[in-house]
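The lines below spell out each chain.
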Amino acid sequence: MATAVNGELSARLRGFRQVQRLAYDCAEAVAARLEPGVSERQAARMQREWLRERGVRDWFHLPFAWFGDRTAFTGFRVPLQFFPTDRRLEPGMPFILDMAPVYEGHTADIGYSGSLGVNPVQDRLMADLEPHRELILCEVRERRSLREIYEDVDRLMVRQGYANRHRAYPFGVIAHKVDRVRQRRWSPHVFGFGVQSLKGLAADALHGHREGWSPLWSPYRFSDHPPQPGLWAVEPHLGFRGTGAKFEEILVVTDSRDPEQSAFWLDDDLPHVRRWAEEK
């Protein structure tokens, strides 16, 4: 996180940083337990159980797991195809774990890419995601429109020789806003998404529509505006010949005129960031 962040802002972000790290700890713990024959449904359940044992009772969305060519969303046409299946893990197969827990009213949404053993294609994809993280931060600080930044990310993927797979998500989003969620005794979910989180996103969408902005970061006209202050879960997703890789983490956007404080990644001590540092 940027060192120049003032104390008050840092205190407000502490809970989000805590739940984001909790989610990545879960991803690493579950990834270490994966073995041949484990299904996507089992991997998703492992994530849920690990987080529930540590106090998570609500979700922005329940955990996902994608194995093999499903990491590149091969053949995905309808939202139901995102949900975990009976696809089983095999040696050398890539996987993605994706979860969005709510803990003590704070939300995170993370994506973790790995493989069962060596997978040189996914290793290359992960390495080539680093400039996307740098590009997104730079252009948000320049106050480029979300739509323009999306298009620049797309162009970078094309230059790298990859396909844009976040375009397969509903509305083609590369990111969405996250916020605090009111804690309830009972936290139902609908189609895998927490009701309280959906209410918050819907309220943001209504408020934003009145003021000319959207909580969804997409390639469409409704995202043709500068980044709105708040927290954005950003997930560039690369695909190449049936293999996919992505990261997902929180980007903080403020209304500060200081470039370093106007936008910064919530936490630089995350698995993919450490991986890039080690490779250098």
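You'll find the structure just up there.
Right, let's walk through the structure included here. (Residues numbered from 1 in each chain as written. Predicted model: local features only at pLDDT ≥ 70, side-chain atom pairs only at ≥ 80, totals over all residues. Heavy atoms only, no water.)

Looking now at the overall build of the chain. When its secondary structure is counted, the chain shows seven helices and 14 strands. Considering the chain as a whole, with its 280 residues, one finds that 56% of them fall into the buried category. Long-range contacts, defined here as pairs at least 24 residues apart, represent 70% of the contacts in the chain between residues at least 6 apart. Here the chain has roughly 13,000 Å² of accessible surface; of this, 51% comes from carbon and sulfur atoms. (Helix = DSSP H or I, 4+ residues; strand = E, 2+ residues; numbered from the N terminus. Buried < 20%, exposed > 50% of the residue type's maximum accessible area, 1.4 Å probe, protein only. Contact = heavy atoms within 4.5 Å. Areas by Shrake-Rupley, 256 points an atom, 1.4 Å probe, with all protein chains shown as cover.)

Alternating positions in strand β12 (residues 243-246) separate into two faces, T243 and A245 on one and G244 and K246 on the other, with burial throughout. Connecting the antiparallel pair strand β11 (residues 237-240) and β12 is a turn made up of two residues, with R241 showing a positive phi of about 45 degrees. (Pairing = 2+ DSSP bridges.)

This part covers the sheet that holds strand β10 (residues 230-234). Strand order in the open sheet made by the five strands is β9-β6-β10-β13-β14, with antiparallel pairing throughout. The outermost strands of the open sheet, each flanked by one partner alone, are β9 (216-217) and β14 (263-265). Relative to strand β13 (residues 249-253), β10 is paired through five bridges, and the arrangement is antiparallel. Pairing of L231 across the sheet is with V252, part of β13.

Turning our attention to the side chain of D152. Along the chain, D152 falls in helix α4 (residues 146-160). In terms of polar contacts, D152 uses its side chain to reach the side chain of R155, at 2.5 Å. For D152, the contacting residues outside a window of four places in its chain are L135, E139 and R144. (Polar contact = N/O pair within 3.5 Å; in protein donor to acceptor, adjacent residues only side chain to side chain.)

Before going further, it helps to spend a moment on the pattern of salt bridges. Scanning the model with the defined rule gives 23 salt bridges in all. A salt bridge links E235 to K246, with the shortest nitrogen-to-oxygen separation between them at 2.6 Å. Separated by 11 residues along the polypeptide, E235 in the loop between β10 and β11 and K246 in strand β12 bring together distant segments of the chain. One exposure class covers both E235 and K246, and it is buried. Of the charged contacts in the structure, one is a salt bridge between R275 and E279, with a shortest N-O distance of 3.4 Å. Within this pair, R275 and its partner E279 are both found in helix α7 (residues 271-279), separated by four residues, close to a single helical turn. On the basis of relative accessibility, which here comes to 23%, the residue R275 falls in the partly exposed class. Three or more residues joined by partner-sharing salt bridges are found here, namely E139, E142, R144, E148, D152 and R155. (Salt bridge = Lys/Arg side-chain N within 4 Å of Asp/Glu carboxyl O.)

All right, on to the environment of L51 then. Of note, L51 is situated in helix α2 (residues 40-52). With relative accessibility at 0%, the residue L51 sits in the buried group. Sequence-wise, L51 and A27 are 24 residues apart; in three dimensions their C-alpha atoms are separated by 9.9 Å. Discounting residues that sit within four places of it in the chain, L51 has contacts with L22, C26, V56, W59, M99 and P101.

This part takes up the environment of T254. By the element assignment, T254 lies in the loop between β13 and α6 (259-262). Residues T254 and F264, spaced 10 residues apart in sequence, show a C-alpha to C-alpha distance of 8.9 Å.

Per the stated rule, a full pass over the model turns up 15 aromatic pairs. Ring geometry for F64 against W66: centres 5.6 Å apart, planes inclined by 15 degrees, an arrangement best described as stacked. Residue classification places F64 among the buried positions, given a relative accessible area of 8%. Plain terms: the ring middles of Y162 and F240 are 6.0 Å apart, the flat faces sit at 80 degrees to each other, and that makes the pair edge-to-face. Of the two residues, Y162 is situated in the loop between α4 and β5 (163-164) and F240 in strand β11; the sequence distance between them amounts to 78 residues. By the ring-pair criterion, three or more aromatic residues cluster together here, those being F64, W66, F73, F76, F82, F83 and Y169. Lying across the ring of W50, R54 places its NZ or CZ 3.7 Å from the centre. (Phe/Tyr/Trp six-rings, centres within 6.5 Å; stacked < 30°, edge-to-face > 60°. Lys NZ or Arg CZ within 6 Å of the ring centre and 35° of its normal.)

Turning next to α2. Helix length check: α2 (13 residues) gives 18 Å between terminal C-alpha atoms against 18 Å at 1.5 Å per residue, within 8%. Taken together, the buried positions of α2 are E40, A43, A44, M46, Q47, W50 and L51. The buried residues of α2 occupy one face: seen down the axis, they fall within an arc of 155 degrees. Its buried side turned inward, α2 meets α1 (7-33), β1 (58-67) and β2 (94-103). (Expected span 1.5 Å × (residues − 1). Arc of directions from axis to C-beta.)

Attention now goes to a nonpolar patch on the surface. Together, F171, Y220 and F222 make up a nonpolar patch on the protein surface, roughly 320 Å² of accessible area in all. By relative accessible area, which is 36% here, F222 ends up partly exposed. (Patch = residues over 30% accessible without salt bridge, like charges linked within 9 Å, V, L, I, M, F, W, Y side chains within 5 Å.)

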